[in-house]
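A closer look at the structure
Read off the chains here:
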Amino acid sequence: MGSAGEAPFNNYAAWAKEAHECEEKYKVDRKNGLSDAEVEKRLKIHGLNELEKHEGQSVFRLILDQFNDTLVRILLVAAVISFVLAWYDGEEGGEMEITAFVEPLVIFLILIVNAIVGVWQESNAEKALEALKEIQSEQATVIRNARKCSGLPAKELVPGDIVELRVGDKVPADMRVLNLISSTLRVEQGSLTGESEAVSKTSKPVPEESDIQGKKCMVFAGTTVVNGNCICLVTDTGMNTELGKVHSQIHEASQSEEDTPLKKKLNEFGETLTMMIGLICVLVWLINVKYFLAWEYLDGWPTNFKFSFEKCTYYFEIAVALAVAAIPEGLPAVITTCLALGTRKMAQKNALVRKLPSVETLGCTTVICSDKTGTLTTNQMAVVKLVAMGHTANAIRSFNVEGTTYNPLDGKIQDWPAGQMDTNLQTIAKIAALANDASIERSDKGYVAGGMPTEAALKVLVEKMGLPSGLDSGSSTDYRDLMGCSQAWDKTQRRIATLEFDRDRKSMGVIVSSNSGKKSLLVKGAVENLLERSSHIQLLDGSVKELDQMSKSVILDSLNEMSTSALRVLGFAYKDDPSEFTNYNGEEDHPAHNLLLDPTNYSSIESNLTFVGLAGLRDPPRKEVRQAIEDCRVAGIQVMVITGDNKNTAEAICREIGVFGSNEDISSKSITGREFMEHRDPKSHLTQKGGLLFSRAEPRHKQEIVRLLKDAGEVVAMTGDGVNDAPALKLADIGIAMGIAGTEVAKEASDMVLADDNFSTIVAAVGEGRSIYNNMKAFIRYMISSNIGEVACIFLTAAIGIPEGLIPVQLLWVNLVTDGPPATALGFNPPDKYIMKKAPRRSDDSLISAWILFRYLVIGLYVGLATVGVFVIWFTNDSFLGIDLSGDGHSLVTFSQLRNWDQCKSWENFTVSPFQAGDQLFTFESDPCDYFRTGKVKAMTLSLTVLVAIEMFNSLNALSEDESLLTMPPWVNPWLLVAMSVSFGLHFLILYVPFLAQVFGIVPLSVNEWLLVLAVALPVILVDEILKFVGRLTMSGQTSSKTSKHKAE
């Protein structure tokens, strides 16, 4: 694309200039258009009319990024070292060759799967930019070389091109309207600007400082023409269009995506873990340095160094085992599983999560920035009040109309004389039905309007009014024939001419002919304009009286009352037997036909009208939103409404749904987007308590609001449905798009899509997010406490100097497989019933408090003592707590011998008896010292089984942070009991399947040995129950002291 700097038309305010001035600036005239030579020249300067394709990161770069994580890097180093050691062991032809290679291969496999998932997620991130391109028009009708070219590829347009737009066309570039061919031109630009209705366009200039909604003489790329046709001048193409600016903003926002609160916590935890592992490894080496490095002192200086490479690698392996023990390898997989389960729960509540970490981010949301149209409101215009004439000229009747959708059966008219409509009400129904081009259809997404939303709302009103007793539709309440009443009115009258709406007279009329041939003019439009052109008023019984000043005042008072409630008001009027059309039936050679060809005649045709009534319409708020806003307030979440709609309408809706109180002074809380950008201290404006409203907001305003909130430490959820919302959706901590009304661009830029477009669904999803986070804390604490136990076990082994009780591949099995199911099952813990009554957690809250860390250090120390203790018990005792352990015939040694096992060769008369383990017989005739190497297999099996059993019982402790198992028993989460059974089942599998037992270096256990395991493992529950009890006492003491202090104050 050509550089913007070369472009001569950049920053030219075409909207503020007359049409002929724009033609002069762009060196073109509307009749001839540009020449081919000029088009070529401009294409070189401005480039093609298409959005830039930003090069994403290469796959290699994405793969490298997956290893930019502390835990992953520790694992990678551990895998490489263990692979080298396995290779070294293999060179020596050791028996443990298979098991040594299993460990590094499993770690590499974990890292590869982790990288694949990460790359797949990130390669999906830029789909929003692709979806934006689909919004662009593909073809355009252009005038070039004084000829009209239909179907020209839109990407070949250049600034200065003359383009013709018709109904249904997608606007191909940002363009200045030169002249209207039809009397009116309306464009649906809500997806770009946030306006709830199609916007009327004109060729007249507007002030230069106008915002995007105020540029009435401009049409923008990606919007759609819904009414009329016109000639336009292309002013901006490609990335210089408003759509292009949104594209740039999305790209910028995607560059500044941050890690989720949980990811930050885990990274911090990873860094702390790295330091801990490093310190413990160094400590283990220092404790054992005497075993592989010896020296003598001569004259005070160390000499005669003796170094044992075999011993050095042995203790190096212990250090690697420490690293494997300390890292919760299963944590990434369990977190992903828990989040995936969370997404399924949310999908059942109509919240479709596109990016897994969003589930957790939702839980700490502190601010929800919501769009108004379509999220807080239904995005379906509805008549809410009908005003008809009374018995006298100064009397009116008001009817409240229920319902908020295009479904004719949604609500009814209160106090309605069903089947007994008086003449005045019949006339209103007839005008609303016949002076109307809209339709209602039933689709998969519910009831949808065809045509203008205001006209569709009037059609729904006609159905709710029903039919007078003499008229019958036969199927007015049948779903298959939604418009039964309108169709019945259509049968009584035939439309022969339409007087299109225009901005000057602000009305639309139709001339109809009854079955008897009588002509009538039916008009609807702005109440003030209709009253100016009305001379009479129709009363309840159908009689017509002169419209005097008193009657006019009564009607205008009613209009003002509705306008102050932010209703859009339409009036209804008619004229019987318009003189020029008495015998006109649509013939082109009739004199009246020429009158209709010139829109300037419409005002005079629509004169001497008889006024019959008025209706108030609006885009109504959703029924459930008020309660959802109240739920947010209780949950400590601030709600801000950011809309492209006008200020009065937005304020009225915000008062109605509870963002503001009905009588609250909101002068400082409701401002426009432009006022916010010009505010001397925008940050302080955002720190106000309670709801805030930003109206007439543009995409850049939304982005700035989100950016400032994030800078202030808030966790921001942003909702939106339009193209204009996409940059802010991308920038927010969690972007929420609408599933029904949302554009593909908004959906692709979002983290979550609402299947029902409903604000209350967000609140339900926040509750689910909080619950999921609590459960994730439970299993993270569980896994970390298990790892502390493993580290304690290895550290104690090295510190005491006994043979290695657990090898890395066993630790890996425990961390990945046996710990995995219980950790995942903790994700199913039932939610706290007060979860939405608490303030949101701070995003920098620690995962593990000082007390919890102390608790798990105590538990970890017990795990270490238990696993090392059972190893020592087997070698040194033939019974424990009355459990006989001598059944396998193994020899006993003293604790001192066990500690100095590496000096075995120097012991005199040391012999060992053979012992049985399952079907295997272990003998040591050739080398009794081998008893401490291959002979330790039974003791290792006991250590591993105790570790597995303790971690299963410890998962019961993790059910609640503070509650006792007596008040929160295991069956509150039956999935945990299933998971424990699965983990024990897997452990039985590796114990009793010979091939797997060989891989993991273990042997089957007898019944007595299982009793020993349970005797050593079960006390972990008692230890944690005591710690929980102390924690509860401390907490209640702190709470009571805070309460008494508060009372004293």
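What counts as what
- Residues numbered from 1 in each chain as written.
- Predicted model: local features only at pLDDT ≥ 70, side-chain atom pairs only at ≥ 80, totals over all residues.
- Heavy atoms only, no water.
- Helix = DSSP H or I, 4+ residues; strand = E, 2+ residues; numbered from the N terminus.
- Expected span 1.5 Å × (residues − 1).
- Buried < 20%, exposed > 50% of the residue type's maximum accessible area, 1.4 Å probe, protein only.
- Phe/Tyr/Trp six-rings, centres within 6.5 Å; stacked < 30°, edge-to-face > 60°.
- 1 Å grid on protein atoms, 1.4 Å probe; cavity = no way out; pocket = protein on both sides within 12 Å on 5 of 7 lines; lining within 4 Å.
- Points joined across faces, edges and corners; volume = space filled by probe spheres on them.
- Nonpolar A, V, L, I, M, F, W, Y, C, P; charged D, E, K, R; others polar.
- Disulfide = S-S within 2.5 Å.
- Patch = residues over 30% accessible without salt bridge, like charges linked within 9 Å, V, L, I, M, F, W, Y side chains within 5 Å.
- Areas by Shrake-Rupley, 256 points an atom, 1.4 Å probe, with all protein chains shown as cover.
- Salt bridge = Lys/Arg side-chain N within 4 Å of Asp/Glu carboxyl O.
- Core = buried A, V, L, I, M, F, W, Y, C linked by side-chain atoms within 4.5 Å.
- Contact = heavy atoms within 4.5 Å.
- Polar contact = N/O pair within 3.5 Å; in protein donor to acceptor, adjacent residues only side chain to side chain.
- Pairing = 2+ DSSP bridges.

**A few points about helix α13 (residues 423-434)**
- Its twelve residues give α13 an end-to-end C-alpha distance of 16 Å, which sits within 8% of 16 Å, the value for a rise of 1.5 Å per residue.
- Counting buried positions over the twelve residues of α13 gives ten, a clear majority of the element.
- Residues of α13 that are buried: Asn424, Leu425, Thr427, Ile428, Ala429, Lys430, Ile431, Ala432, Ala433 and Leu434.

**So, the packing of aromatic side chains**
- The final tally for this structure, using the stated rule, is 19 aromatic pairs.
- With centroids separated by 5.8 Å and ring planes inclined at 65°, the aromatic side chains of Phe581 and Tyr584 adopt a geometry described as edge-to-face. For the residue pair Phe581 and Tyr584, the accessibility class agrees, reading buried in each case.
- Taking the centre distance of 5.2 Å and the plane angle of 80° together, the rings of Trp874 and Phe875 count as edge-to-face.
- Phe875 gets classed as buried once you look at its relative accessible area, which sits at 0%.
- Three or more aromatic residues link up through ring pairs in this structure, and these residues are Phe871, Trp874, Phe875, Trp907, Phe910, Phe915, Phe922, Tyr931 and Phe932.

**Description of empty space enclosed by the protein**
- What the rule picks out here adds up to six cavities of 30 Å³ or more.
- Of the volumes computed, that of the largest cavity is approximately 60 Å³.
- The wall of the largest cavity is formed by Met381, Ala382, Val383, Val401, Gly403, Thr405, Tyr406, Ala457, Val460, Leu461 and Lys464.
- When residues of the lining of the largest cavity are traced back to their parent elements, those giving at least two are β14 (382-389) and α14 (453-465).
- At four residues, α14 tops the list of elements feeding residues into the lining of the largest cavity.
- Of the residues assigned to the lining of the largest cavity, the class counts are eight nonpolar, two polar and one charged.

**Comments concerning the state of the cysteines**
- Following the criterion strictly, the structure yields one disulfide and no others.
- The disulfide bridge from Cys904 ends at Cys929, spanning 1.9 Å between sulfur atoms. Taking the torsion about the sulfur-sulfur bond, which here is approximately -90°, the covalent link between Cys904 and Cys929 counts as left-handed. With Cys904 in the loop between α31 (895-899) and β33 (915-917) and Cys929 in the loop between β34 (920-922) and α32 (937-957), the pair connects residues that are 25 residues apart, well separated along the chain. Here Cys904 and Cys929 have matching classes, each one buried.

**Focus: a nonpolar patch on the surface**
- A cluster of nonpolar side chains, Leu1022, Ile1026, Phe1029, Val1030 and Leu1033, forms an exposed patch at the surface whose accessible area comes to about 490 Å².
- With respect to the helices and strands, Leu1033 occurs in helix α36 (residues 1019-1048).

**What to know about the nonpolar core**
- Core analysis: the largest hydrophobic core is formed by 130 residues, its most contacted members being Phe759 and Phe875.
- Ranked by residue count, the leading element in this core is helix α27 (residues 759-800), at 16 residues.
- The contacts of Phe759, once residues within four sequence positions are left out, are Ile368, Ser370, Thr375, Leu376, Val625, Ala628, Ile629, Cys632 and Val639.

**Points about the side chain of Asn436**
- Mapped onto the elements of the fold, Asn436 is located in the loop between α13 and β16 (439-443).
- In this structure Asn436 comes out as buried when scored by relative accessible area, which is 6%.
- At a separation of 2.9 Å, a polar atom in the side chain of Asn436 contacts the main-chain amide nitrogen of Ala438.

**Re the sheet that holds strand β6 (residues 199-200)**
- One open sheet holds the three strands; their spatial order is β6-β5-β8, and the pairing between them is antiparallel. The strands lining the two open edges of the sheet, one partner per strand, are β6 and β8 (224-227).
- Relative to β6, strand β5 (residues 186-188) is paired through two bridges, and the arrangement is antiparallel. When the sheet's bridge partners are listed, Val187 is paired in β6 with Val199.

**Quick word on the pattern of salt bridges**
- Evaluated as defined, the whole model comprises 25 salt bridges.
- Note that Lys41 and Glu38 form a salt bridge whose closest N and O atoms lie 3.5 Å from each other. Here the residue Lys41 and the residue Glu38 both occupy positions in helix α2 (residues 36-46), the gap between them amounting to three residues, near one helical turn.
- With a closest N to O distance of 2.3 Å, Glu656 and Arg618 form a salt bridge. Of this pair, Glu656 sits in helix α21 (residues 647-657) while Arg618 sits in strand β24 (residues 609-618); the two residues are 38 residues apart in sequence, bridging distant segments of the chain.
- Judged by its relative accessible area of 17%, Arg618 is buried.
- Salt bridges linked by common partners bring Glu38, Lys41 and Arg42 together as one network.

**Some remarks on the pairing of β14**
- Most of β14 is tucked away, with eight of its eight residues classed as buried.
- As paired elements, β14 and β24 share six bridges and run antiparallel to each other. Across the sheet, Val387 pairs through a bridge with Leu614, a residue of β24.
- Examined bridge by bridge, β14 and strand β15 (residues 396-400) share five bridges and lie antiparallel to one another. The partner of Met389 across the bridge, within β15, is Ile396.

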